Amino acid sequence: MMPHFLDRLDLQVFTDAAFRIPYQQVRGGLFPGLDVWVRRDDLIDPLISGNKAYKLIHNLIEARSQRAETIVTCGGAWSNHIHSVAASGARFGFNTIGIIRGERSPVLSATLRDAERLGMKLIFVTRAQYRRRYESGFIEELGLENQGVYFVPEGGSNLAGVRGTQLLGRVIECTAPVDFDQVWVACGTGATFAGLSSSIQRSSVVGVEVLKAGESVRKSAQHWLAVLGQSSEINKSIQAGVQVPHLLSNERMGCLLGGYHGGGYGKLSAELRELQRMLEDHSGVPIESVYIVKLFNALQKINNSGNISHGERVLIVHSGGLQGRRGYE
Ligand SMILES: *Cc1c(COP(=O)(O)O)cnc(C)c1O
């Protein structure tokens, strides 16, 4: 399956591309009793991949309508978001500046090398400085002009970003090949989860926390749901053994599963590597290592512990990020 490039900055072009994203069934007995599918949003664009493309679309359109020349954002050395912003800038004619957490290392990560090649100017700041990235005056302190600049927060997780993931939710409702009981998505900040759970009515949305982030995902998801004027109570369960169908039975809103970070960002156990290999063999779908393999792992654990009803139809959202795999090789 060849990905297509988004060639114009236009909401209709983007929506049409989202409508064409394929769904693939995962066969091969890894999830006995379940009917598991993957929606291949990694294919929305080869460089502006996955949920980051959805989180950027409204931001980019807004930047253009403000006549901003430069997009400034921030992230870590392997950030999918940094990669997507750099590619968007090159594609749609913005200058881009990435404020990167930590010192510049003599050998840049593959992500940052790409970002520079795509024309992004990288500014490395200490971790202490990075923590102040949303404080007023920070941009000026780095010697950057505020004029003509559009700022996107880390991960693209602002209201425009959440609205983009609501678009994804609506597209899923329109294009799902079967009636999914559950839609599963990996959470970093929880913005995508908030967007999906507020836009998908026909299925329950299950978010899996794959980073060691404490309560921050639930808090940020609740924040976004409140901003969107939706009820923001989110069930949260820690670790396998949780009664997913029970949690979900009365509400079509959403639940978060904690405890599936597998050691944290960038950690990949032998068990997870094996699951990644088996999934790729069985489905032919490339499996990303920070988010997606941990999302599948959570589904497998919950299923193996008997906490999901037999016959459930489950959609896994492939939120992209395959460029980051180069960090594991
Ligand atoms: C950023 C990212 C996520 C997490 O998205 P949030 O909206 O921050 O929760 C999930 N999957 C992939 C591949 C990502 O790059």
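Up top is the structure.
Fair warning: this is a prediction, and the values are worked out from it, not measured in the lab.

Chemist: I'm lost on the pairing of strand S2 (residues 35-39) in this one. Help?
Modeler: Regular strands place side chains that alternate from one sheet face to the opposite one. Within S2, four of the five residues are buried, leaving the element largely enclosed by the surrounding structure. For strand S1 (residues 23-25) and S2, the ladder comprises three bridges, and the chain directions are antiparallel. Residue pairing across strands places glutamine 25 opposite tryptophan 37, the latter belonging to S2. When S2 meets strand S11 (residues 313-317), the two strands line up parallel, connected through five bridges. By the bridge assignment, tryptophan 37 is partnered in S11 with leucine 315.

Chemist: Help me out: how do you make sense of the packing of helix H3 (residues 80-92) against helix H4 (residues 110-117) in this one?
Modeler: How two helices sit against one another is set out by the angle between their axes and by the gap between those axes. Two elements in contact, H3 and H4, have axes whose closest approach is 9 Å; the angle formed by their N-to-C orientations is 15°. Considering their axes alone, H3 and H4 lie roughly parallel with respect to each other. Where H3 crosses over H4, the handedness of that crossing is left-handed. Facing Ile82, His83 and Ala86 of H3, the residues of H4 in contact are Thr111, Leu112, Asp114 and Ala115.

Chemist: Explanation requested: the sheet that holds strand S5 (residues 121-125) in the structure shown.
Modeler: The strand order S5-S4-S3-S6 describes an open sheet built from four strands, whose pairing is parallel. Unpaired on one side and paired on the other, S5 and strand S6 (149-151) mark the two borders of the sheet. Mean inter-strand twist for the sheet, computed between neighbouring axes without regard to direction, equals 25°.

Chemist: So what exactly am I meant to see when it comes to the pattern of salt bridges here?
Modeler: Any two side chains of opposite charge can pair if their charged atoms end up close together. Tallied over the full model, the rule gives 16 salt bridges. Ionic pairing is found between arginine 326 and aspartate 114, a salt bridge with its closest N-O pair at 2.9 Å. Within this pair, whereas arginine 326 is found in the segment after S11, its partner aspartate 114 is found in helix H4, the two being separated by 212 residues in sequence. You can call aspartate 114 buried: its relative accessible area is 12%. The closest approach of N and O atoms between glutamate 280 and arginine 325, which form a salt bridge, is 2.6 Å. Residue glutamate 280 is located in helix H11 (residues 270-283), and its partner arginine 325 is located in the segment after S11; the two are separated by 45 residues in the primary sequence. The exposure class assigned to glutamate 280 is partly exposed, which follows from its relative accessible area of 24%. Relative accessible area serves as the criterion here: at 22%, arginine 325 is assigned to the partly exposed category. Because the salt bridges share partners, they merge into one network encompassing Arg101, Arg133 and Glu154.

Reading the values: the criteria
Residues numbered from 1 in each chain as written. Predicted model: local features only at pLDDT ≥ 70, side-chain atom pairs only at ≥ 80, totals over all residues. Heavy atoms only, no water. Buried < 20%, exposed > 50% of the residue type's maximum accessible area, 1.4 Å probe, protein only. Helix = DSSP H or I, 4+ residues; strand = E, 2+ residues; numbered from the N terminus. Pairing = 2+ DSSP bridges. Axes fitted to C-alpha atoms, helices over the stretch in contact; angles between N-to-C directions. Parallel < 35°, antiparallel > 145°, perpendicular 65-115°, else oblique. Left-handed = near helix turned anticlockwise from the far one by under 90°. Contact = heavy atoms within 4.5 Å. Salt bridge = Lys/Arg side-chain N within 4 Å of Asp/Glu carboxyl O.

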